[in-house]
Amino acid sequence: MTMAQDSDQSARYLKQAVELATGNVGDGGGPFGAVVVTPDGRVYEGVNRVTRDNDPTAHAEVVAIRTAAAAIGNFDLAGSVLYTSCEPCPLCLSAALWARIVRVHFAADRHGAAAAGFDDAMFYEYFEGSRPELMPVTRSDIPTSNAPFEAWRHFVDRVEY
């Protein structure tokens, strides 16, 4: 694929993601949309369903990844590309990494989202290590702490991921 073709394809899927986001507002959802395109060209959509489903993880990117994985019957979306109406937050970036997404394209950036009331700056600061007070995370070792991992290592039918 030439750079011009890649640019045209990116613009087409970004436009689709933005249209999904805009339409989702009228349906009572958040202003975010996403599209996952698999290596064979299949397209899977997602919109923000946080308030509609009372699910804080139902971001458009996560919904699109879940939809794609369920449809193809595999959690590994290696080779797929994520197109999203807005710069992905840390949750969505993590989901894309776990899904083995190879590239992310986004339209609006985090500053545009912040201006609309969706400010993820403190989450970025938390992961940078400058805001640990937002959510202290503490390890508490108990005698069976590693039992699940031992069970996993000995489970012969495990599916690696």
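Residues numbered from 1 in each chain as written. Predicted model: local features only at pLDDT ≥ 70, side-chain atom pairs only at ≥ 80, totals over all residues. Heavy atoms only, no water.

(A) Looking closely at the packing of aromatic side chains. For the structure shown, the criterion picks out six aromatic pairs. Between Y13 and Y83, the aromatic rings sit 5.0 Å apart at their centres with planes inclined by 40 degrees, giving tilted as the arrangement. With Y13 in helix α1 (residues 3–26) and Y83 in strand β3 (residues 81–86), this pair connects stretches of sequence that are 70 residues apart. Among the residues examined, Y13 registers a relative accessible area of 7% and is labelled buried. On the accessibility criterion, Y83 (1% relative accessible area) is buried. Between R12 and the ring centre of Y13, over which it is positioned, the NZ or CZ distance is 4.5 Å. In this arrangement the basic side chain of R110 is found over the ring face of Y124, its NZ or CZ atom lying 3.7 Å from the centre. (Phe/Tyr/Trp six-rings, centres within 6.5 Å; stacked < 30°, edge-to-face > 60°. Helix = DSSP H or I, 4+ residues; strand = E, 2+ residues; numbered from the N terminus. Buried < 20%, exposed > 50% of the residue type's maximum accessible area, 1.4 Å probe, protein only. Lys NZ or Arg CZ within 6 Å of the ring centre and 35° of its normal.)

(B) The arrangement of the packing of helix α3 (residues 60–72) against helix α4 (residues 90–98) in detail. Packing of α3 against α4 brings their axes to within 8 Å, and their N-to-C directions diverge by 20 degrees. Comparing their axes, α4 and α3 come out roughly parallel. The two elements α3 and α4 meet at a crossing, and its hand is left-handed. Here E61, V62 and I65 of α3 come into contact with α4, specifically with L91, C92, A95 and A96. (Axes fitted to C-alpha atoms, helices over the stretch in contact; angles between N-to-C directions. Parallel < 35°, antiparallel > 145°, perpendicular 65-115°, else oblique. Left-handed = near helix turned anticlockwise from the far one by under 90°. Contact = heavy atoms within 4.5 Å.)

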